[in-house]
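# Coordinate analysis (summary)
Below, each chain spelled out in residue letters.
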Amino acid sequence: MVLPDGEERVIRVSGDRIGGPGGECLVEGAWLLPGLVDVHTHPGTNQPGEDFDEDLHRSHMTDHRDAGVLLVRTPGSVDPDPTRERHDPTLPRVRRGGRWLAMPGLFFPDFGRPVTEADLVDAAVEEAEASGGWCKIIGDWRPGDPAVPLDLLTEAIAAVHAIDGRVAVHAQTAEGSRNAVLARADSIEHGMHLDNDLIPTMVEHGTALVPTFTAFAPTIERIRAGEGAPEIREWLLTGWEGLFTTVRTAHEAGVTVLAGTDSKPCGDIAGEVLWLIRAGLPPEAAVAAASWTARHWLGLPGLEEGAPADIVAYDADPRVDPSVLRRPSLIVLGGQVIGRQR
Ligand SMILES: [Zn+2]
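Anyway, here's the lowdown on the structure attached to this text. The structure displayed is predicted, hence computed values, not measured ones.

## Regarding the overall build of the protein chain
- The helix and strand inventory of the protein chain stands at ten helices and 15 strands.
- Across its three principal directions, the C-alpha atoms of the protein chain cover 60 × 40 × 35 Å.
- Going through the 342 residues of the protein chain one by one, you find that 54% of them count as buried.
- In the protein chain, 65% of the contacts between residues at least 6 apart in sequence involve partners at least 24 apart.
- Within the protein chain, one finds 30 positive and 52 negative side-chain charges whose respective centroids are separated by 4 Å.

This is the structure we're talking about:
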């Protein structure tokens, strides 16, 4: 059974593509999906403040791949060389997002690329050009910190759009989320405290939402156990609870909601799919958010003739049992068999 269309058919792989004469039979009677996607991950570092580490990068990307994630977007990196070509055919495909662009006080200290109001616009264009597509702006930080001003954010995003780039905006306060929507961000990362009245504007602008529940869940657990300063606890708890409604409402309104983990260890995209379902996405939409919808959003086709042969197979229908996403029976990346169970 081939998803998303649900047709029963044979998928042949020749070289690194789907189609052609094909070869040996790799799997029979399985559910086949286009390779999974994590649209928010930061391979190469474990903690804020660390330097980029090549070996760690490889290990993170291997964890993704072995979980069936064959494409990632990296919105924010500390890779000192944003132009470095890192295409390794044995690791997931990458849509790079450049270095985090952080104004003073709006990020982990000494992490990412520091920018001022005067150079944000140029820096955003530079990072998008260097990455070949995306840049990432930290649009806000803690409650009470001033968010990146709306006119400045609007100008930066327009400048990146003018070179056909796209902008991911980190937003987790009411002001930051509002500014990200009004400034026409291509994706809002996290989206806590987003005013749901802005959802129609997201639909109009084609703004995607990447809630990254997986990243917040452990902190919320600790806060519920009594940790954290009172004002931060209140802000995170209300943000977390509101995010479920925001995600469901956004999906129902037609916003593209996507699966990003923003967490270590890498490779728990299945967990994020389960969070999206808890928020109220129909299981099929939640699976799509980590597979064909995300792939298409990043410019790659599904399981069609001539497409790159990135395929994951499961013994059960993930739309019925999404937990099966944790147990791929076969992983094929660029026509190469990566992992196989049984
Ligand atoms: Zn992140």
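Don't stop here, the text continues.
## Remarks on the packing of helix α2 (residues 120-131) against helix α3 (residues 150-162)
- α3 packs onto α2 with a crossing angle of 30° between their chain directions and a minimal axis gap of 9 Å. Taken together, α2 and α3 sit at an angle that is classed as roughly parallel. For the pair α2 and α3, the crossing hand works out as right-handed. Residues Leu120, Val121, Ala124, Val125 and Ala128 of α2 form the contact with α3, whose participating residues are Leu152, Glu155, Ala156, Ala159 and Val160.
- Along the lines of polarity and charge, the residues of the contact of α2 with α3 split into nine nonpolar, no polar and one charged.

## Concerning the sheet that holds strand β11 (residues 187-190)
- Read across the sheet, six strands follow the order β8-β7-β9-β10-β11-β12 without closing on themselves; strand pairing throughout is parallel. Looking at strand neighbours, the two that pair on one side only are β8 (113-114) and β12 (208-210), the edges of this open sheet.
- The sheet contact formed by β11 and β12 spans three bridges and is parallel. Counted as the bridge partner of isoleucine 188 is leucine 209 from β12.

## Quick notes on the packing of aromatic side chains
- One pass over the structure, following the stated rule, counts 14 aromatic pairs.
- With centroids separated by 5.7 Å and ring planes inclined at 85°, the aromatic side chains of phenylalanine 213 and tryptophan 240 adopt a geometry described as edge-to-face. Here phenylalanine 213 is found in helix α6 (residues 213-224), whereas its partner tryptophan 240 is found in helix α7 (residues 230-253), with 27 residues between them in sequence. Neither phenylalanine 213 nor tryptophan 240 differs from the other in exposure class; each is buried.
- Between phenylalanine 213 and tryptophan 275 the ring centres are 6.1 Å apart and the planes differ by 25°, which places this aromatic pair in the stacked class. You can see phenylalanine 213 sitting in helix α6 and its partner tryptophan 275 sitting in helix α8 (residues 269-279), a full 62 residues away along the chain.
- Assessed through its relative accessible area of 19%, tryptophan 275 is described here as buried.
- Cluster of aromatic residues (ring-pair linked, three or more members): Trp100, Phe107, Phe108, Phe111 and Trp141.

## Overview of the packing of α6 against α7
- One way to put it is that α6 packs onto α7 with a least axis distance of 10 Å and a crossing angle of 135°. Considering their axes alone, α6 and α7 lie oblique with respect to each other. Once α6 is placed against α7, the crossing between them reads as left-handed. Residue-level contacts link Phe213, Phe216, Ala217, Thr219, Ile220, Ile223 and Arg224 of α6 to Arg233, Leu236, Leu237, Trp240, Glu241, Leu243, Phe244 and Val247 of α7.

## Observations regarding α7
- Here α7 contains 24 residues, and its C-alpha end-to-end distance of 34 Å stays within 8% of the 34 Å for a straight helix at 1.5 Å per residue.
- Along its length, α7 shows its largest kink, about 25°, at leucine 243.
- For α7, the full list of buried residues reads Trp235, Leu236, Leu237, Gly239, Trp240, Leu243, Phe244, Thr246, Val247 and Ala250.
- Buried residues along α7 sit against β11, α5 (199-205), β12, α6 and α8.
- The first or second residue beyond α7 is glycine 254, which carries a positive phi of 110°.

## A few points about the pairing of strand β14 (residues 330-333)
- Of the two faces of β14, both are covered, the one formed by Leu330 and Val332 as well as the one formed by Ile331 and Leu333.
- Sheet topology note: the strand β13 (residues 311-314)/β14 ladder contains three bridges and is antiparallel. Across the sheet, isoleucine 311 pairs through a bridge with valine 332, a residue of β14.

## Some details on unusual backbone geometry
- Note the cis peptide between leucine 3 and proline 4, where omega equals 10°.
- Backbone geometry places aspartate 164, a non-glycine residue, at a positive phi of 65°.
- Note on placement: aspartate 164 falls in the loop between α3 and β10 (166-171).
- Residue classification places aspartate 164 among the exposed residues on the basis of a relative accessible area of 73%.

The rules we used
Residues numbered from 1 in each chain as written. Predicted model: local features only at pLDDT ≥ 70, side-chain atom pairs only at ≥ 80, totals over all residues. Heavy atoms only, no water. Helix = DSSP H or I, 4+ residues; strand = E, 2+ residues; numbered from the N terminus. Buried < 20%, exposed > 50% of the residue type's maximum accessible area, 1.4 Å probe, protein only. Contact = heavy atoms within 4.5 Å. Lys, Arg positive; Asp, Glu negative; His and termini not counted. Charge placed at Lys NZ, Arg CZ, Asp CG, Glu CD. Axes fitted to C-alpha atoms, helices over the stretch in contact; angles between N-to-C directions. Parallel < 35°, antiparallel > 145°, perpendicular 65-115°, else oblique. Left-handed = near helix turned anticlockwise from the far one by under 90°. Nonpolar A, V, L, I, M, F, W, Y, C, P; charged D, E, K, R; others polar. Pairing = 2+ DSSP bridges. Phe/Tyr/Trp six-rings, centres within 6.5 Å; stacked < 30°, edge-to-face > 60°. Expected span 1.5 Å × (residues − 1). Bend = angle between axes of the 7 residues up to and from the residue.

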